[in-house]
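This is what each chain is made of:
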There are 2 protein chains.
Amino acid sequence: MQIILLSGGSGKRLWPLSNEIRAKQFIKIFGTVDEYHESMLQRVLRQIHKNFSQVSIIVSTSRNQKSILKKYVDADTDISIEPCRRNTFPAIALTAAYLRDVKKISDDEPIIICPVDPYVEDNFFAKFKDMANLVENSAANLVLLGINPTYPSEKYGYIIPAENNLVSDVLEFKEKPDSKTAQKYIQRGGLWNGGVFACKISYVLEKSRELLNFDTCDELFKNYSELPNISFDYAVVEHEKNIKVVRYIGDWKDVGTWNTLTEVMTEKNIGKVQFDDACENSHVINETDMPIIAMGLQNIVVAASPDGILIADKARSSFIKPFAENIHEQIKFIEKSWGVYKVIDVSEGSLTIKAILDAGNRMRYHSHEYRDEVWTVIEGNGRVVLDGRIKSVAVGDVIKIPAFVKHTIIADTDLKVIEVQIGEDITVEDKILWED
Amino acid sequence: MQIILLSGGSGKRLWPLSNEIRAKQFIKIFGTVDEYHESMLQRVLRQIHKNFSQVSIIVSTSRNQKSILKKYVDADTDISIEPCRRNTFPAIALTAAYLRDVKKISDDEPIIICPVDPYVEDNFFAKFKDMANLVENSAANLVLLGINPTYPSEKYGYIIPAENNLVSDVLEFKEKPDSKTAQKYIQRGGLWNGGVFACKISYVLEKSRELLNFDTCDELFKNYSELPNISFDYAVVEHEKNIKVVRYIGDWKDVGTWNTLTEVMTEKNIGKVQFDDACENSHVINETDMPIIAMGLQNIVVAASPDGILIADKARSSFIKPFAENIHEQIKFIEKSWGVYKVIDVSEGSLTIKAILDAGNRMRYHSHEYRDEVWTVIEGNGRVVLDGRIKSVAVGDVIKIPAFVKHTIIADTDLKVIEVQIGEDITVEDKILWED
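All values reported here derive from a predicted model rather than from experimental measurement.

Asker: Honestly, the overall build of chain A in this entry has me stumped. Any pointers?
Answerer: Counting its regular elements, chain A contains 10 helices and 30 strands. Radius of gyration (C-alpha) of chain A: 24 Å, near the 22 Å computed for a compact globule of 436 residues. Its C-alpha atoms put chain A at 70 × 60 × 40 Å along the principal axes. Burial statistics for chain A: of 436 residues in total, 56% are counted as buried. Contacts in chain A between residues at least 24 apart in sequence constitute 65% of all its contacts with a sequence separation of at least 6. Total accessible area computed for chain A in this model is approximately 18400 Å², and 46% of it derives from carbon and sulfur atoms. For chain A, the distance from the average position of its 52 positive side-chain charges to the average position of its 64 negative side-chain charges is 1 Å.

Asker: Whenever I open this one, the packing of aromatic side chains confuses me. Can you help?
Answerer: Centre distance and the angle of the planes are the two values used to describe a pair of aromatic rings. One pass over the structure, following the stated rule, counts 24 aromatic pairs over all chains. An angle of 65° between the planes, with centres 6.2 Å apart, marks the rings of Phe124(A) and Phe128(A) as edge-to-face. In this pair, Phe124(A) and Phe128(A) are both assigned in helix α4 (residues 123-137), 4 residues apart and thus about one turn of the helix distant. As far as the burial class goes, Phe124(A) and Phe128(A) line up, both buried. One aromatic cluster is present, formed by Phe124(A), Phe125(A), Phe128(A) and Tyr248(A) through successive ring pairs. Against the face of Tyr119(A) rests Arg43(A), its NZ or CZ located 3.7 Å from the ring centre. If you follow Lys406(B) out to its NZ or CZ, it ends over the ring of Trp434(B), 4.1 Å from the centre.

Asker: Any chance you could explain the relation of the copies chain A and chain B here in plain terms?
Answerer: The relation between the two copies of this chain is a rotation about an axis and a shift parallel to it. Relative to chain B, chain A is turned by 180° and slid 0.1 Å along the rotation axis, the superposed coordinates differing by an RMSD of 0.1 Å. Taken together, the rotation and translation describe the operation of a two-fold axis. Closest approach to the rotation axis within chain A is made by the C-alpha atom of Ile344(A), at a distance of 2.8 Å.

Asker: In this structure, what is going on with the side chain of His366(A)? I would like to understand it.
Answerer: Checked against the element boundaries, His366(A) lands in strand β23 (residues 366-367). The buried category is assigned to His366(A), whose relative accessible area is 5%.

Asker: Please clarify how the sheet that holds strand β17 (residues 292-295) of chain A should be interpreted in this entry.
Answerer: Whether parallel or antiparallel, the strands of a sheet pair through hydrogen bonds between backbone atoms. Read from one edge of the open sheet, 6 strands run β15(A)-β17(A)-β19(B)-β18(B)-β16(B)-β14(B), paired in mixed fashion. At either end of the open sheet lies a strand with only one pairing partner, and these are β15 (273-275) of chain A together with β14 (269-270) of chain B. Relative to strand β19 (residues 308-313) of chain B, strand β18 (residues 300-305) of chain B runs antiparallel, the two being bridged by 6 bridges. In the strand pairing of β19(B), Val302(B) is matched with Ile311(B).

Asker: How do you make sense of the interface of chain A and chain B when you look at a structure like this?
Answerer: Quite often, the size of an interface is put as the accessible area lost when its parts meet. Opposite the 58 residues of chain A that make contact, chain B presents 57 residues. Three residues, Ile293(A), Met295(A) and Ile311(A), lead the burial of chain A against chain B; their summed loss comes to 16% of the area buried on that side. Applying the counting criterion to the chain A and chain B interface returns 6 salt bridges. In this structure, the salt-bridge partner of Arg316(B) is Asp276(A), at a minimum N-O distance of 3.1 Å. Looking at the side of chain A that touches chain B, the element that brings in the most residues is strand β19 (residues 308-313) of chain A, giving 6 residues. Considering only residue class, the side of chain A that touches chain B consists of 33 nonpolar, 12 polar and 13 charged. Where β19(A) lies against strand β17 (residues 292-295) of chain B, 4 bridges are found, and the strand directions are parallel. Within β17(B), the position partnered with Leu310(A) by the bridge is Ile293(B).

Asker: Help me out: how do you make sense of a positive patch on the surface in this one?
Answerer: Together, Arg63(A), Lys66(A), Lys70(A), Arg364(A) and Lys431(A) give the surface a local cluster of positive charge. Relative to the assigned elements, Lys431(A) resides in the loop between β29 (415-422) and β30 (432-433).

Asker: Honestly, helix α3 (residues 88-101) of chain B in this entry has me stumped. Any pointers?
Answerer: Counting along an α-helix, one turn takes 3.6 residues, and residues three or four places apart therefore face a common direction. Helix length check: α3(B), at 14 residues, gives a terminal C-alpha distance of 20 Å against a target of 20 Å (1.5 Å per residue), a fit within 8%. In terms of residue burial, α3(B) counts as a mostly covered element, since 11 of its 14 residues are buried.

Asker: What is the right way to look at unusual backbone geometry in this model?
Answerer: Glycine aside, residues mostly have negative phi, and peptide bonds are mostly found in the trans state. Cis geometry is adopted by the peptide bond preceding Pro16(A), which originates at Trp15(A) and carries an omega value of 0°. Locating Pro16(A) in the fold gives a position in the loop between β1 (2-7) and β2 (28-31). One non-glycine residue with positive phi stands out, namely Lys176(B), at about 40°. Topologically, Lys176(B) is positioned in the loop between β10 (167-175) and α5 (179-187). Positive phi outside glycine occurs at Asn213(B), with the angle close to 75°. With respect to the helices, strands and loops of the structure, Asn213(B) is situated in the loop between α6 (201-212) and α7 (217-222). Given a relative accessible area of 53%, Asn213(B) falls into the exposed group.

Asker: Where do I start with a negative patch on the surface in this structure?
Answerer: Residues and elements named next belong to chain A. Negative charge collects at one region of the surface, where Asp107, Asp108, Glu136, Glu206 and Glu210 lie side by side. Mapped onto the fold, Glu136 is located in helix α4. Judged by relative accessible area, which is 46%, Glu136 ranks as partly exposed.

Asker: Sorry, what's going on with the pairing of strand β29 (residues 415-422) of chain B here?
Answerer: Along any regular strand the residues' side chains alternate between the sheet's two faces. Residues and elements named next belong to chain B. β29 sits mainly inside the fold: 8 of its 8 residues count as buried. Neither face of β29 is exposed, since Leu415, Val417, Glu419 and Gln421 on one face and Lys416, Ile418, Val420 and Ile422 on the opposite face are all buried. Across 8 bridges, strand β22 (residues 350-357) lies against β29 in antiparallel orientation. Looking at β29, one finds that Lys354 is bridged to Ile418. Taken together, the 7 bridges between strand β24 (residues 372-379) and β29 define a ladder with antiparallel strand orientation. The residue of β29 that forms the bridge with Glu373 is Gln421.

Asker: Just checking my understanding: could you explain the environment of Ser337(B) for this structure?
Answerer: Residues and elements named next belong to chain B. Within the secondary structure, Ser337 is located in the loop between β20 (333-336) and β21 (339-347). Along the chain, Ser337 and Asn361 lie 24 residues apart, while their C-alpha atoms are 8.3 Å from each other. Contacts of Ser337, omitting those with residues within four sequence positions, involve Ser67, Lys71 and Asn361.

Asker: Can you walk me through the confidence of the model for chain A in this structure?
Answerer: In low-pLDDT regions, the fine details of the predicted coordinates are not to be read closely. In this model, chain A carries an average pLDDT of 92, and 98% of its residues clear a pLDDT of 70 or more. Two summary scores accompany this predicted model of the complex, namely pTM at 0.82 and ipTM at 0.82.

Asker: Quick question: what am I supposed to make of the environment of Pro322(A) here?
Answerer: Residues and elements named next belong to chain A. Topologically, Pro322 is positioned in helix α10 (residues 321-325). Note on Pro322: relative accessible area 48%, which makes it partly exposed. Expressed as a C-alpha distance, the spacing of Pro322 and Arg13, which sit 309 residues apart in the sequence, is 9.1 Å.

Asker: Help me understand the sheet that holds β22(B), please; the structure alone is not making it clear to me.
Answerer: Residue and element names in this part refer to chain B. An order of β20-β21-β22-β29-β24-β27 is seen for the 6 strands of this open sheet, with the pairing classed as antiparallel. Bordering the open sheet on either side are β20 and β27 (398-401), each of which pairs with just one other strand. Within the sheet, the average angular offset between the axes of one strand and its neighbour, ignoring direction, is 20°.

So, how was this worked out
Residues numbered from 1 in each chain as written. Chains lettered and ligands numbered in written order. Predicted model: local features only at pLDDT ≥ 70, side-chain atom pairs only at ≥ 80, totals over all residues. Heavy atoms only, no water. Helix = DSSP H or I, 4+ residues; strand = E, 2+ residues; numbered from the N terminus. Rg over C-alpha atoms; globule rule 2.2 N^0.38 Å. Buried < 20%, exposed > 50% of the residue type's maximum accessible area, 1.4 Å probe, protein only. Contact = heavy atoms within 4.5 Å. Areas by Shrake-Rupley, 256 points an atom, 1.4 Å probe, with all protein chains shown as cover. Lys, Arg positive; Asp, Glu negative; His and termini not counted. Charge placed at Lys NZ, Arg CZ, Asp CG, Glu CD. Phe/Tyr/Trp six-rings, centres within 6.5 Å; stacked < 30°, edge-to-face > 60°. Lys NZ or Arg CZ within 6 Å of the ring centre and 35° of its normal. Least-squares fit on C-alpha atoms with pLDDT ≥ 70 in both. Pairing = 2+ DSSP bridges. Buried area = accessible area lost by both parts, 1.4 Å probe. Salt bridge = Lys/Arg side-chain N within 4 Å of Asp/Glu carboxyl O. Nonpolar A, V, L, I, M, F, W, Y, C, P; charged D, E, K, R; others polar. Patch = residues over 30% accessible without salt bridge, like charges linked within 9 Å, V, L, I, M, F, W, Y side chains within 5 Å. Expected span 1.5 Å × (residues − 1). pLDDT = per-residue confidence, 0-100. Axes fitted to C-alpha atoms, helices over the stretch in contact; angles between N-to-C directions.

And the structure:
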């Protein structure tokens, strides 16, 4: 059994903490017993490992999330990279082809495709074993995980089971019906689709050949930008006649909006906040180092990051997307595989960054065409490489890096650098990578 | 006639836009016809000049506000500096002594003592002439400006006039009575004290000699920190029997809290903000460059500056003081006479600042004992002086300034510098000023 975690998505709904690079699954917001905050991705991985002593996980993600993702998964976790952002069907096809072509896994192997953001109880993941068994030992092409619906939502897929058992054949699957139709499905005993699909690798690749015209990893990768932007639910599940469903009994929450996310927070705040006594049912998530004072707030969520500040009535917060899409600012806080960088000043013709490298890490060897850089080390020790020459650096050292000079920094201890970039046209694209 | 504007106060009630250095009178928040935002101080000065073609103004302020104050007043405006913060009586005594001893003004000259923050109509200031006339031509020792009260507030002084005329003798003055007593004063035809006092210089200096033991500028200045922390209202006005009052008829607003300040704002926001349609009676003042999204807010004021973020129900916002006093962060945004500086990063053993100098201005020649600095010019041209040696600098130039090296920068054009300070003990006190 192979678990494919789908970790894509740009997460505009959790602005300003999520953005194109830091998707919602990386926000450390969930309290655990020992007061450590874990992200959605960390929570799901912990729950999977709790259910399975040995398990193969591959994470499907987009190119710009690879760097941050590596910080959140074990070194031996496989990652399948989408060359650009498409929907779930191309991402699943590419990952299945990667498992067969690159990892040489038999295409009879059951795969469990699971989103990275279900907020559920631990036994949700125990159902994966039942689903894999059905893939191997029943005639079903596809096995779904059904959730008891609580209201006629228009946001989910509906599964109509043939019987009211823990395992059942599926009579019909309908993705995102209108509320009236959803109501009818619920009256017929319909279940919400929990977003988990089980099938054989070969099943995905057959559908890929049939609907996307390609079924090898190379072909899919090369032609990825031409593939249709379609979900697995619409492209495959709605048309499949031979489906079984396994029921999950327990809490299941879609924590994709601030409203629902604050419901599962164990504290009313994260970060520097003072509340007055008149605040009720209000949550503040403060990722900046600016102090916040909250007074007399009722049913309000506040989320602040270097990228912006949201102040919203909780019920209204689900409608944030168009407002967040209006914002086209430089992203200010970026997690990289080597540490984090924060944009601390944006001026005409200049950008100032604070780079924090963890001991033992290093930036990739690179150069820029259109900007000079001045680095000042403010904490720690390391080595700088400039056009092949290595030099030790410590607190107070200043390194001038003119355009075209290849450079990197290696952190021998935890290391902090203030980097002043100067140039007429400063973009993240102006970066040429070099072999050491 | 001399006008003394009292421009002290730390303004915790308008946190995070006001702080020890930037008092509330410097916040540019008031819309005028040409869309330019002016501060309370600028508004008051404009209104005074509108009423008087020729007028002598002296501003009494504290040492740490001198630098910012100079940006807001004409070059020929006198400034009287309190060596440390006391209340209004010592500040008024010091300024009166300065007028007599340093400016050699006759101590028969009428002075009008006025706070810098009354939000009033232009004709409020026309009353100053009537008050000065009464000082010169009546037997009154003190002339007050009365305001029609609108409710039995505990925040103001109450004046009981003998008659219901535009000018009247005063039977009684009571500073900040409780609400029940205030109600009785209002029933007796009592007026609020508008905070404006008119008298002769000699009157203040007599009271100073009598109550503070000193009456010369030198003595008062030298012994300032030992003077009692008492207001003019309590120390002098409550005990004076020979008072007249002049009535002002018109709008008078105390805009010292967010609640009252937003009432006089002409727009619902200043700075980068998106409101959704469900926001009602809510104001956002955003002095950061971070975008804000406000959704479904009812009667909320949001104020954001690099020093922090307030989100408050408007009615609750008047109770901010104890919360603001709990915050002991490095002040992030400081206006200086030469421009502004912004703290853009605070790290252990290092502070990074963006200094913005206006063309023609210069920092004072100074050195530090406990920190090195690295300056990178990111915009403009200027000259740096290091231990007496002058050097031209332009964009991209890096200047290293070790501890003890005397230095300054002169802006030949508008100039921006990123300054990285490195040292174990970085404080604003570590600054030694030198003659050029």
